[in-house]
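Single-letter residue listing:
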Amino acid sequence: MSAERDFRKGLREELLRNGINPYPHVLSLGYVPIKDIVGNPRSGDVVATAGRVAGLRRHGKLVFADLIDDGYRIQISVNSGNVGNERFEWFMRYVNLGDFINVRGELFYTQKGELTINVREYQLIVKALKSPPVKWGHKILDPEVRYRKRYLDLMMTPQVRRIFEIRFNTIAEIRRFMWGKGFIEVETPILQPVYGGAAAKPFITKIQALNEDWYLRISLELYLKRFLVGGFNKVFEIGKNFRNEDIDVQHNPEFTMMEAYQAYADYEDVMRLTEELISTVAEKVIGTTKVSYPLDGSQVEIDLRPPYKRVRMIDGLKEFAGVDVEVLSDEDLKNLLRTHSLSLPGGYDRGRAIAKLFDRLVGAQHLIQPTFVIDFPASSSPLAKPHRLNPEYAERFELYVAGMELANAFTELNDPILQETYFRQEEERRKLGDAEAHPYDWDFIDALEYGMPPAGGLGLGIDRLVMILTGQTSIKEVIPFPMMTRSVTQ
RNA sequence: GGGCCCGUAGCUCAGCCAGGUAGAGCGGCGGGCUUUUAACCCGUAGGUCCCGGGUUCAAAUCCCGGCGGGCCCGCCA
């Protein structure tokens, strides 16, 4: 079917027959990264490097080619006068687009003024059986190919490579920031006998050795809190969470979170930590706190510099949606839910109704600049400590940026009896049909009974933060290998 | 869960409305060319028209069903 692949396979076999290894173990001519060569080029210097052949422009007994190495490009020229006619013809026969070669020669500038390696010696180091999928300098346009074969997307499109450089720099800078604040990075189980820490449907898996059904974690929360019980004061973890829910522009079933817990802190402290973290990381990774983000067809400037606006949930509902829940009866709220075709699985509850209305009427539309939404209804926040001034509310905040929920945080609930009560209420709701109600975690209650210090905790969605920093509106653009239906081809 | 759009050569796409021998550019291969860089010139090969069924003398084209992808809505605090 692919004549080209057959052709190249033939070349590979020909090379092997002639005693030439198309996949040698070492670079016999030496190697300096192209990045270092183009960073400080001196005409006349003899350099050796290697890379993927990204363009071949032949002019009779002379050929120009582009070499790409770790995201950097340099031009080489091979001509029969310098390498000899035999080696020139060998190059033209056996070196194809996409192959890797090792070259040595001196630097010079062409008539057009381009830095170029005048090749004296070369070695084929990888025979590629398939050529690059598109012409060099062009993007792959088919999103399915881009996501399924991300290596091609990375290979062909510098802007895509840049997004992932930002992603992984972001993770590194978060880590650096947290270590700088005295947090210890810990690890907790991904496979758990009871999942918890968020409202979500889990993935179930079978543990053969125990002959039991376990779960993939939906959050990091409950195990990090066990570290606090165990005597660690400041811990954080960066890792994947798994939620068995929809795949869309803001959700991937496996996604990356950073969660942090700090003893003797409350949600006010965590807000300050969060805004400092995000602005510091933005400054380090993209050099600014001002980002441009596409919303409704136009670019909006978002400034991540603190301090961030703070809005109590019920004030936000009043301000942005004209809904004053303090004067509304339960009947009024039920009517509002109906009006907006919202349902509450597990039955009506005033607090969760308020949270739901806020999400629908305020969150996505109105909270573009970084905003802490604070003081959620207690019943919508079963892992948060009740508000010190009014126990109907919880000391909880969510950070919204560009209408997206980026972070979720509490003054952590550490009263084991109240936590147990909340778990029982969640269990009741589960029985009434709320598949996302928190399951009862007996061992976590047991841990709290030994005493967990008062603490503030934070969960930060890394993928969404990277979306903001890179101006991407689909989470698939910031996850290297997003989840797709299993492909049936090949 | 609902809606809209897309699927033709390795890639980007035309052809479909109005059924009649499957096309172009780029890429590949062969030839030419010693300063190009989306090189250029000449030649040439390359197809499960996403899959299955139906209508028809005849289907890439029309109809039905499916698969895959994108976007929007719902749901996911």
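Residues numbered from 1 in each chain as written. Chains lettered and ligands numbered in written order. Predicted model: local features only at pLDDT ≥ 70, side-chain atom pairs only at ≥ 80, totals over all residues. Heavy atoms only, no water.

**Q** How would you explain unusual backbone geometry if you had to name every residue and give the values?
**A** At the junction of Pro-306 and Pro-307, the peptide bond is cis and its omega measures out at 0° in the coordinates. Relative to the assigned elements, Pro-307 resides in the loop between strand 13 (298–303) and strand 14 (309–312). Its identity as a non-glycine residue notwithstanding, Asp-70 has a phi of 55°, on the positive side. Structurally, Asp-70 can be placed in the loop between strand 2 (62–69) and strand 3 (72–79). Despite not being glycine, Ala-402 shows a phi value in the positive range, around 55°. Position of Ala-402 relative to the elements: it lies in the loop between strand 16 (393–401) and strand 17 (404–411). The class of Ala-402 is buried, set by a relative accessible area of 8%. (Helix = DSSP H or I, 4+ residues; strand = E, 2+ residues; numbered from the N terminus. Buried < 20%, exposed > 50% of the residue type's maximum accessible area, 1.4 Å probe, protein only.)

**Q** Break down the nonpolar core for me, citing the residues and quoting the values.
**A** One finds Ile-174, Met-178, Met-258, Leu-304, Phe-397 and Ile-468 to be the most contacted residues of the largest nonpolar core, which totals 48 residues. Counting residues per element, this core draws most heavily on helix 9 (residues 267–286), which supplies 9 residues. Excluding residues that lie within four positions of it along the chain, Phe-397 makes contacts with Tyr-267, Val-270, Met-271, Thr-274, Phe-372, Val-373, Ile-374, Phe-376, Ala-407, Asn-408, Ala-409 and Leu-458. By size, the runner-up hydrophobic cluster in this structure holds 26 residues, among which are Ile-76, Val-103, Val-119 and Leu-124. (Core = buried A, V, L, I, M, F, W, Y, C linked by side-chain atoms within 4.5 Å. Contact = heavy atoms within 4.5 Å.)

**Q** Describe empty space enclosed by the protein, and please don't skip the residues or the numbers.
**A** Taken as a whole and judged by the stated rule, the model has 2 cavities of 30 Å³ or more. Approximately 40 Å³ is the volume attributed to the largest cavity. Ala-260, Tyr-261, Gln-262, Asp-269, Val-270, Leu-273, Gly-456, Gly-457 and Leu-458 are the residues that line the largest cavity. Only strand 11 (254–263), helix 9 and strand 18 (455–461) provide two or more residues apiece to the lining of the largest cavity. (1 Å grid on protein atoms, 1.4 Å probe; cavity = no way out; pocket = protein on both sides within 12 Å on 5 of 7 lines; lining within 4 Å. Points joined across faces, edges and corners; volume = space filled by probe spheres on them.)

**Q** Account for the protein's contact with RNA strand B, with residues named and values stated.
**A** Within the structure, RNA strand B sits among 44 residues, and Gln-111, Lys-112, Lys-356, Asp-359 and Glu-436 are positioned closest to it. The side chain of Gln-111 places a nitrogen or oxygen atom 2.2 Å from a sugar or linking oxygen of RNA strand B. Interatomic distance of 2.9 Å between a backbone N/O atom of Ser-341 and a phosphate oxygen of RNA strand B. Sorting elements by how many residues they give to the surface near RNA strand B places helix 5 (residues 143–148) first, with 4 residues. Grouping the amino acids of the surface near RNA strand B by side-chain chemistry returns 13 nonpolar, 13 polar and 18 charged. (Near = heavy atom within 4 Å. Polar contact = N/O pair within 3.5 Å; in protein donor to acceptor, adjacent residues only side chain to side chain. Nonpolar A, V, L, I, M, F, W, Y, C, P; charged D, E, K, R; others polar.)

**Q** Could you give me a rundown of helix 15 (residues 462–470), with the residues and numbers involved?
**A** Of all 9 residues making up helix 15, 9 are buried, and the element is well covered by its neighbours. Within two residues after helix 15, Gly-471 carries a phi angle of roughly 70°, on the positive side.

**Q** How would you summarise the pairing of strand 9 (residues 212–216) if you had to cite specific residues and measurements?
**A** Relative to strand 9, strand 7 (residues 191–192) runs antiparallel, the two sharing 2 bridges. Opposite Gln-192, over in strand 9, you have Tyr-215 as the bridge partner. Pairing geometry for strand 8 (residues 204–207) and strand 9, over 4 bridges, is antiparallel. Pairing of Lys-206 across the sheet is with Asp-213, part of strand 9. (Pairing = 2+ DSSP bridges.)

**Q** I'd love a proper account of the side chain of Thr-110, names of residues and values included.
**A** Tracing the sequence through the fold places Thr-110 in the loop between strand 4 (100–109) and strand 5 (115–126). Given the relative accessible area of 14%, Thr-110 is considered buried. When sequence neighbours within four positions are dropped, the list of residues in contact with Thr-110 reads Phe-64, Gln-75 and Thr-116.

**Q** Account for the pattern of salt bridges, with residues named and values stated.
**A** Applying the stated criterion to the full structure yields 48 salt bridges. For Lys-225, the salt bridge is made with Glu-412, and the minimal N-O distance between the two is 2.7 Å. Here Glu-412 lies in the loop between strand 17 and helix 13 (416–431) and Lys-225 lies in helix 8 (residues 221–229), a separation of 187 residues in the sequence. A relative accessible area of 1% places Glu-412 in the buried class. Glu-275 serves as the salt-bridge partner of Arg-310, at 3.3 Å between the closest nitrogen and oxygen. In this pair, Arg-310 is assigned in strand 14 and Glu-275 in helix 9, connecting sequence segments 35 residues apart. Given the relative accessible area of 7%, Glu-275 is considered buried. Here the salt bridges share partners, and the residues they tie into one network are Glu-4, Arg-8, Asp-99 and Lys-127. (Salt bridge = Lys/Arg side-chain N within 4 Å of Asp/Glu carboxyl O.)

**Q** With reference to specific residues and values, describe the confidence of the model for chain A.
**A** In this model, chain A carries a mean pLDDT of 92, and residues with pLDDT of at least 70 account for 99%. Scored as a complex, the prediction yields pTM 0.93 and ipTM 0.87. (pLDDT = per-residue confidence, 0-100.)

**Q** Please set out a positive patch on the surface residue by residue, giving values where relevant.
**A** Taken together, the side chains of Arg-5, Lys-9, Lys-130 and Lys-149 present a region of like positive charge at the surface. With respect to the helices and strands, the residue Lys-9 is situated in helix 1 (residues 3–17). (Patch = residues over 30% accessible without salt bridge, like charges linked within 9 Å, V, L, I, M, F, W, Y side chains within 5 Å. Areas by Shrake-Rupley, 256 points an atom, 1.4 Å probe, with all protein chains shown as cover. Lys, Arg positive; Asp, Glu negative; His and termini not counted. Charge placed at Lys NZ, Arg CZ, Asp CG, Glu CD.)

**Q** Lay out the sheet that holds strand 4 in plain terms, naming residues and giving numbers.
**A** If you walk around this closed barrel you meet the 5 strands as 1-2-3-5-4, and the pairing is mixed. Averaged over all pairs of adjacent strands, the angle between strand axes in this sheet comes to 55°, irrespective of strand direction. Packing against the sheet, helix 4 (residues 85–94) makes contact with strand 1 (46–59), strand 2, strand 3, strand 4 and strand 5, and its axis sits at approximately 65° to strand 5. (Axes fitted to C-alpha atoms, helices over the stretch in contact; angles between N-to-C directions.)

**Q** Tell me about the environment of Val-63, residues and numbers included.
**A** By the secondary structure assignment, Val-63 is in strand 2. The class of Val-63 is buried, set by a relative accessible area of 1%. As for Val-63 and Asn-79, which are separated by 16 residues in sequence, their C-alpha atoms are 6.2 Å apart. Among all residues touching Val-63, those that are not within four sequence positions of it are Leu-56, Arg-57, Arg-58, Ile-76, Ser-77, Val-78, Phe-88, Phe-91 and Met-92.

**Q** Describe the sheet that holds strand 15 (residues 371–377), with residues and values.
**A** On the basis of which strands lie adjacent, the open sheet formed by 8 strands has the order 6-10-11-18-17-16-15-14 and mixed pairing. The sheet is open, and its two borders are formed by strand 6 (184–185) and strand 14, each paired with just one other strand. Relative to strand 18, strand 17 is paired through 5 bridges, and the arrangement is antiparallel. By the bridge assignment for strand 18, Ala-407 is matched with Leu-460.

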